[in-house]
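# Observations on the model geometry
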2 protein chains.
Amino acid sequence: MSAAGTVTAAGLWPGAVRDAVDAEIAAFLDREAAAAPDPCLPPLVEVARTFTGGGKRIRPLFCAAGWLAAGGATGSPAIHRAGAALELFHTFALIHDDIMDNSDTRRGRPTVHRALGGGGRSGVSAAILLGDLCLVWSDRLLAAVPLPPGRIAAARPHLDAMRVEAVAGQYLDIDGTPELGDLDRAWRVVRHKTASYTVARPLQIGAALAGAREPLLRFCAAFGRPVGEAFQLRDDLLGAFGDPAATGKSSVDDFRGGKRTVLVALAWRQAGPAERRVLRAHYGRADLDAAGAAELRAAIRATGADTMTQDLIDRRIGHALDLLAAAPVPEPARPVLAALAGTATARTH
Amino acid sequence: MSAAGTVTAAGLWPGAVRDAVDAEIAAFLDREAAAAPDPCLPPLVEVARTFTGGGKRIRPLFCAAGWLAAGGATGSPAIHRAGAALELFHTFALIHDDIMDNSDTRRGRPTVHRALGGGGRSGVSAAILLGDLCLVWSDRLLAAVPLPPGRIAAARPHLDAMRVEAVAGQYLDIDGTPELGDLDRAWRVVRHKTASYTVARPLQIGAALAGAREPLLRFCAAFGRPVGEAFQLRDDLLGAFGDPAATGKSSVDDFRGGKRTVLVALAWRQAGPAERRVLRAHYGRADLDAAGAAELRAAIRATGADTMTQDLIDRRIGHALDLLAAAPVPEPARPVLAALAGTATARTH
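On a predicted model such as this, the values are computed, not experimentally measured, just so you know.

## Comments concerning the overall build of chain A
Looking only at helices and strands, chain A features 16 helices and two strands. Here the C-alpha atoms of chain A give a radius of gyration of 21 Å, agreeing with the 20 Å that 2.2 N^0.38 yields for 349 residues. Referenced to the eigenvectors of the C-alpha coordinate spread, the extents of chain A come out at roughly 60 × 60 × 30 Å. Here chain A holds 349 residues, and 58% of them are scored as buried. In chain A, once contacts between residues fewer than 6 apart in sequence are set aside, the share between residues at least 24 apart is 74%. A total accessible area of about 13200 Å² is found for chain A, and carbon and sulfur atoms account for 55% of it. Positive and negative side-chain charges in chain A, numbering 40 and 37 respectively, have mean positions lying 2 Å apart.

In structure tokens, the structure reads:
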């Protein structure tokens, strides 16, 4: 394959994976609605279908990349079904996270507990149950991946670790009381919630499904961790400084929610008395207005935490690409892994 | 084995299964705490450990009975581990149900969302996550059952159905608005939440793990459904008329929560104007006092719904025992199944 051909294939690949994963999710939900043991279920299936729409399918993409890295064939239905299982797990996590964060919208639509409210039923109760159902579905879809049982069993430890780490990360994240400058804790959330859950474990699951041996599984963890950290650091920068029209992400929600990001921990640690006054006065204020948000941005910039965070991103991606260069990964997987890592390096402000 | 020996073995059996299942749960939670990826997790493990204590282990017992019915050996570690997986699933369901019902206590101890409240964290958010974790753990334990992958795969459709039915039953149950006399809906809740989730599916899961063929799996469903219905009808009678000191169950919670039971649907349908007035005035009143509860009890008795419900229980157990007599079930499993069915027939008032 020529270099140009490789680049083109890698460029087309994410869209093809996304389409195939979406088709797997749609077919699965069709079957669940048709085989529902009670007429109360099909309307819930439709709420799940709407809510899963529009996701970026990051975990299925990393899962499929891990599969390629372990020599799996491009376009295999097995890995798309596994990706659909990860996406339904993510749907479960988002539905429950939105309850905990008391969020009203997600991807421009009402969150599930808002959509299911009304009638005689509490929207929160119904959303807890629909989240539970998505977790059960995710598991069912994974068990139905058309691969020998030994392959699925090989992926299970990575899946189990992913699920426990996702819960641990969220559990740390719902505690709003740690010090603003608690950098160690902010990193723990990043490592569990993003580095592991979003990147490293999906890579390992895909690789294990393709029969990967220990060195490649170790590479998936070593490559996935800095890439995942870079993703989260970039997300934090976008949350603070991004243009909502371009990112689809609110530019005040992280501020209002008092999110304990690495960015804000770095800012606090390097802040002088003036910046600390601003952070203390405005960070986590539910009624923060645009002027207060602008003050916060200026204070964070004054500490240099934004450029420091961008530097952390760049170094992590550089490290990941160095690891990739030395890794036992077949040629077709290289541009795919490099491109996925690269999406985290885009300058954001 | 003599008849007397069989009876003794069946009599000792539930305690032995409970002890073995408890030991599996304890060992699993020990491993989870020791291998936790973050120091925030071990305290959550301990909350789960406390909360699982004191359960009756009904689902593990039916699971082990299904295993015996399919020729599995008494005392097999595999079926105890599967039972522990079902019990952790039940722990997940109880934690989330208690949030939805806004319950303060369970088995004489604070519910999980009460126990985890305080500090900077919402107890409800933390309990949603601990419930999620129990569901993940349940799955992990099942995957670790020491049986060939084909056996676990054979049990999976029954497990999947059980989990979806449990969610459907709870979803129907959190809708407090149906008519008091909606008998069809009351039966749907009984069928999903108890008949299927508590009895028929655990029987099938145990039988499938032991390699059961189709006729035995059909027997598990046919036997389990009336037994499970009888269990729930008895629970409803205990909730309305039982002695809390003897049952460990509040004698006003079902009334205060306006629980849509088969008992109350029958009462409504047969009630005259006087009884309907009482039901309408008191059923579902959160501030119901002892006098109001006594009025409700008298009104339900006046309709004859209590004796009718007891009759429904007796007929269901009779039907189940007839099925058992004709079923392809080996001798050691017969007294066990009969005894488990019989626990539902005890007269309650």
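## A short note on the interface of chain B and chain A
With 44 residues of chain B at the contact, the number on the chain A side is 45 residues. At the boundary of chain B with chain A, total buried surface from both sides reaches about 4100 Å², with 70% on carbon and sulfur atoms. When the area that chain B buries against chain A is broken down by residue, the three leading residues are B:R121, B:L129 and B:Y171, summing to 18%. Taken together, chain B and chain A are joined by eight salt bridges. When the shortest N-O distance is used, the salt bridge between A:R156 and B:D139 registers 3.2 Å. In this structure, the connection of chain B to chain A is made through 10 residue pairs in polar contact (both at pLDDT 80 or more). Elements with a contribution of two residues or more to the side of chain B that touches chain A: α2 (41-52), α4 (77-101), α6 (123-143), α7 (149-173) and α8 (183-209) of chain B.

## A few points about the relation of the copies chain B and chain A
The two copies are related by a screw operation: chain B maps onto chain A through 180 degrees of rotation and 0.0 Å of translation along the axis, at an RMSD of 0.1 Å. Here the two chains are linked by the operation of a two-fold rotation axis. Proximity to the rotation axis, assessed at the C-alpha, singles out B:P149 in chain B; its C-alpha lies 3.3 Å from the axis. A share of 100% of interface residues in chain B that are also interface residues in chain A marks the association as one of identical surfaces.

## Thoughts on empty space enclosed by the protein
Residues and elements named next belong to chain A. By the definition in use, this model includes six cavities of 30 Å³ or more. Of the volumes computed, that of the largest cavity is approximately 50 Å³. In terms of lining residues, the largest cavity is bounded by D236, A240, D254, F255, T261, L263, V264, Y283 and I300. By residue class, the composition of the lining of the largest cavity is six nonpolar, one polar and two charged.

## Here's the deal with the packing of α8(B) against helix α12 (residues 262-270) of chain B
All names here are of chain B. Across the interface, α8 lies against α12 with an axial gap of 9 Å and an inter-helix angle of 170 degrees. In terms of axis orientation, α8 runs roughly antiparallel to α12. Seen along the crossing, α8 lies across α12 with a hand that is left-handed. Contacts between α8 and α12 involve L183, A186, W187 and V190 from the first element and V262, A265, L266 and R269 from the second. Class assignment for the residues of the contact of α8 with α12 results in seven nonpolar, no polar and one charged.

## Some thoughts on the nonpolar core
Counting residues in hydrophobic clusters, the biggest one holds 244 residues, and the most contacted among them are A:W137, A:L337, B:W137 and B:L337. If we skip the residues at most four places from it in the chain, B:L337 touches B:A65, B:A69, B:L203, B:F219, B:F223, B:L324 and B:V329.

## Notes on the packing of aromatic side chains
Residue and element names in this part refer to chain A. Inspection of every chain in the model, using the stated rule, returns 12 aromatic pairs over all chains. Pairing F28 with W137 gives two aromatic rings, centres 6.2 Å apart and planes at 75 degrees, and the pair type is edge-to-face. With F28 in helix α1 (residues 3-34) and W137 in helix α6 (residues 123-143), the pair connects residues that are 109 residues apart, well separated along the chain. Considered together, F28 and W137 belong to a single accessibility category, that of buried residues. Seen from their ring centres, F89 and Y197 are 5.7 Å apart, and the 70 degrees between their planes marks the pair as edge-to-face. With a gap of 108 residues between them, F89 in helix α4 (residues 77-101) and Y197 in helix α8 (residues 183-209) connect regions that are remote in the sequence. Note on Y197: relative accessible area 5%, which makes it buried. Counting every residue linked through ring pairs, the aromatic cluster contains F89, F92 and Y197. Against the face of Y197 rests R59, its NZ or CZ located 4.7 Å from the ring centre.

## Notes on the packing of α6(B) against α7(B)
All names here are of chain B. At their nearest, the axes of α6 and α7 sit 11 Å apart, and the two run at 160 degrees to each other. Of the possible angle classes, the one that applies to α6 and α7 is roughly antiparallel. α6 and α7 meet at a crossing whose hand is right-handed. Side by side, α6 and α7 meet where L135, D139, L142 and A143 of the first sit next to I152, R156, L159 and R163 of the second. Class assignment of the residues belonging to the contact of α6 with α7 gives a composition of five nonpolar, no polar and three charged.

## So, the pattern of salt bridges
All names here are of chain B. One pass over the structure, following the stated rule, counts 52 salt bridges over all chains. D306 is the salt-bridge partner of R301, the closest N and O atoms lying 3.4 Å from each other. A relative accessible area of 6% means that D306 is categorised as buried.

## Section: the side chain of A:R57
One can find A:R57 in the loop between α2 (41-52) and α3 (58-69). Residues in contact with A:R57, not counting those within four places in the same chain, are A:R18, A:V21, A:D22, A:I25, A:T52 and A:E87.

## A look at α12(B)
Residue and element names in this part refer to chain B. Of all the nine residues making up α12, seven are buried; the element is thus mostly covered by neighbouring parts of the structure. Burial in α12 covers these residues: V262, L263, V264, A265, L266, A267 and W268. As for α12, its buried residues are in contact with α8, α9 (214-241), α13 (273-282), α14 (290-303) and α15 (305-326).

## Observations regarding the confidence of the model for chain A
The predicted structure's coordinates, where accompanied by low pLDDT, should not be read in detail. Chain-level statistics for chain A give a pLDDT mean of 92 and a share of 94% at 70 or above. A low-confidence stretch, residues 1-7 of chain A stays under pLDDT 50, and its non-local contacts, those more than four residues away or across chains, total two contacts.

## Thoughts on the environment of B:P157
All names here are of chain B. For P157, the position within the fold is in helix α7. Overall, P157 belongs to the partly exposed group, its relative accessible area being 47%. It is 25 Å that separates the C-alpha atoms of P157 and R18, two residues lying 139 residues apart in sequence.

## Concerning the environment of A:H192
Tracing the sequence through the fold places A:H192 in helix α8. For the pair formed by A:H192 and A:L172, sequence separation is 20 residues and the distance between their alpha carbons is 9.4 Å. For A:H192, the residues in contact, after removing those within four places along its chain, are A:E165, A:A166, A:A168, A:G169, A:L172, A:Y197, B:P37 and B:D38. Among the polar contacts listed, one links the side chain of A:H192 to the side chain of B:D38, at a separation of 2.7 Å.

Rules of the game
- Residues numbered from 1 in each chain as written.
- Chains lettered and ligands numbered in written order.
- Predicted model: local features only at pLDDT ≥ 70, side-chain atom pairs only at ≥ 80, totals over all residues.
- Heavy atoms only, no water.
- Helix = DSSP H or I, 4+ residues; strand = E, 2+ residues; numbered from the N terminus.
- Rg over C-alpha atoms; globule rule 2.2 N^0.38 Å.
- Buried < 20%, exposed > 50% of the residue type's maximum accessible area, 1.4 Å probe, protein only.
- Contact = heavy atoms within 4.5 Å.
- Areas by Shrake-Rupley, 256 points an atom, 1.4 Å probe, with all protein chains shown as cover.
- Lys, Arg positive; Asp, Glu negative; His and termini not counted.
- Charge placed at Lys NZ, Arg CZ, Asp CG, Glu CD.
- Buried area = accessible area lost by both parts, 1.4 Å probe.
- Salt bridge = Lys/Arg side-chain N within 4 Å of Asp/Glu carboxyl O.
- Polar contact = N/O pair within 3.5 Å; in protein donor to acceptor, adjacent residues only side chain to side chain.
- Least-squares fit on C-alpha atoms with pLDDT ≥ 70 in both.
- 1 Å grid on protein atoms, 1.4 Å probe; cavity = no way out; pocket = protein on both sides within 12 Å on 5 of 7 lines; lining within 4 Å.
- Points joined across faces, edges and corners; volume = space filled by probe spheres on them.
- Nonpolar A, V, L, I, M, F, W, Y, C, P; charged D, E, K, R; others polar.
- Axes fitted to C-alpha atoms, helices over the stretch in contact; angles between N-to-C directions.
- Parallel < 35°, antiparallel > 145°, perpendicular 65-115°, else oblique.
- Left-handed = near helix turned anticlockwise from the far one by under 90°.
- Core = buried A, V, L, I, M, F, W, Y, C linked by side-chain atoms within 4.5 Å.
- Phe/Tyr/Trp six-rings, centres within 6.5 Å; stacked < 30°, edge-to-face > 60°.
- Lys NZ or Arg CZ within 6 Å of the ring centre and 35° of its normal.
- pLDDT = per-residue confidence, 0-100.

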